[in-house]
Amino acid sequence: MTRVPGFVRKHRTGVTFTLLLVMCVLLILFSNRNVVLKPKQVGQSFGSVFQIAVHSVAGWFAGTWNSIGELKKLQQDLEEARSRLAEYERVSRDVGDLRRENQALREQLGFARTLPVRYVAGEVIARDPGSQFSTIMVNRGRTHGIRKGMPVVAFQDGLQGLVGKVQMVSLLSSAVQPISDPNSFVAARLRSSRYDGLVAGSQLPSGNLIMTYVRKLALSDIAYGELVVSSGMGQLYPEGIHIGRVREMTAKGYEASLELEVEPIVDFSRLEYVFILDMGE
């Protein structure tokens with residue numbers, strides 16, 4: 001006797017469905033006042049209920065299958081859209097880079113037209129990023145007419161600036177000694193106050209240059225931010241090329257000259273294009 005309740009509990013869903021099915025059939029059969037049990041009608045009723053159930057289950061499976069197919073197609077379309085978007089972004093970046101490079105080249109060309117001497121345009125191909133006064137390699141050499149000692153200038157942020165001089169020359173490339181090298185010396189002049197001095201590289205963390213041999217009485221005439229240019233003395237560098245701007249001034253009591261800290265016009269970490277000047281020697 002205990003097996004029946006256990007069976008009902010275990011198959012509760014099936015039993016409930018069977019009871020509901022029987023009730024539906026009985027309601028159909030007893031819907032008229034004349035209650036007549038006919039086997040044929042009972043069979044048709046069961047058959048119709050079974051067909052409805054089968055149709056519903058088949059429709060559910062068909063809808064689920066179609067939904068899975070549509071979901072897969074949507075995922076495929078999404079992946080293709082993402083791929084096209086990534087390609088468009090890459091093309092957009094390339095176009096932006098080309099525009100910036102084109103603008104930079106236009107500026108370099110405009111500057112080159114202002115140079116009063118013959119020049120050879122070159123591109124920086126190597127430098128040591130760990131040293132502020134490291135040698136700079138450019139892609140122009142002996143086959144392009146480059147000689148040792150030729151001055152090198154650049155154009156950045158709307159100003160021409162002195163880079164250094166050619167130190168070594170090979171067939172297709174050259175090594176440039178920058179003015180930030182402590183062994184580099186440039187005869188210089190303060191552009192506004194017109195005092196002369198000598199600019200050399202330093203090992204300051206800021207990367208600034210040091211201008212010495214400036215007369216001490218010039219202290220009251222020199223302004224912070226004043227431009228320092230090449231003086232042309234010594235005939236190594238042409239006159240009037242921008243070197244940097246005055247950032248600090250030091251007047252030691254026991255010395256007869258000033259020491260100026262000069263920030264270079266050229267940012268060597270962003271240097272890409274240079275012009276090697278042919279002074280006709």
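That block above? That's the structure.
Since the structure is predicted, the reported quantities are computational estimates derived from the model, not experimental observations.

**Here's the deal with the overall build of the protein**
(1) Moving on: Of regular secondary structure, the protein possesses 3 helices and 12 strands.
(2) Moving on: Across the 281 residues that make up the protein, the buried fraction comes to 31%.
(3) Moving on: Within the protein, contacts between residues separated by at least 24 positions form 57% of all contacts whose residues are at least 6 apart in sequence.
(4) Moving on: Roughly 18400 Å² of accessible area belongs to the protein as shown, and the carbon and sulfur atoms make up 58% of that amount.

**A short note on the side chain of S230**
(1) Moving on: For S230, the location among the structural elements is in strand β9 (residues 227–230).
(2) Moving on: At 2.5 Å, the side chain of S230 forms a polar contact with the backbone oxygen of P238.
(3) Moving on: Not counting the four nearest positions on each side in its chain, S230 is found in contact with V186, A187, A188, Y237, P238, E239, G240, I241 and I243.

**Some remarks on the pattern of salt bridges**
(1) Moving on: Tallied over the full model, the rule gives 8 salt bridges.
(2) Moving on: Ionic pairing is found between R189 and E239, a salt bridge with its closest N-O pair at 3.6 Å. Separated by 50 residues along the polypeptide, R189 in strand β6 (residues 185–190) and E239 in the loop between β9 and β10 (242–250) bring together distant segments of the chain.
(3) Moving on: Residue classification places E239 among the exposed positions, given a relative accessible area of 56%.
(4) Moving on: The partner of D267 in a salt bridge is R270, with the nearest N and O atoms 3.1 Å apart.
(5) Moving on: Taken together, the shared-partner salt bridges connect R118, R147 and D278 into one network.

**Some points on the environment of V124**
(1) Moving on: In this fold, V124 is placed in strand β1 (residues 118–127).
(2) Moving on: C-alpha of V124 to C-alpha of R140: the two residues are 16 residues apart in sequence and 9.3 Å apart in space.
(3) Moving on: The contact partners of V124, leaving out residues within four places of it in the chain, are I136, M137, V138, L271, E272 and V274.

**Looking at the pairing of strand β12 (residues 273–278)**
(1) Moving on: Of all 6 residues that make up β12, 6 are buried, and the element is covered over most of its length.
(2) Moving on: The alternating pattern of β12 places Y273, F275 and L277 on one face and V274, I276 and D278 on the opposite face, and all of these are buried.
(3) Moving on: Both β1 and β12 contribute to a ladder of 6 bridges, which runs antiparallel. Residue V120 lies in a different strand from β12, and its bridge partner there is I276.

Analysis parameters
- Residues numbered from 1 in each chain as written.
- Predicted model: local features only at pLDDT ≥ 70, side-chain atom pairs only at ≥ 80, totals over all residues.
- Heavy atoms only, no water.
- Helix = DSSP H or I, 4+ residues; strand = E, 2+ residues; numbered from the N terminus.
- Buried < 20%, exposed > 50% of the residue type's maximum accessible area, 1.4 Å probe, protein only.
- Contact = heavy atoms within 4.5 Å.
- Areas by Shrake-Rupley, 256 points an atom, 1.4 Å probe, with all protein chains shown as cover.
- Polar contact = N/O pair within 3.5 Å; in protein donor to acceptor, adjacent residues only side chain to side chain.
- Salt bridge = Lys/Arg side-chain N within 4 Å of Asp/Glu carboxyl O.
- Pairing = 2+ DSSP bridges.

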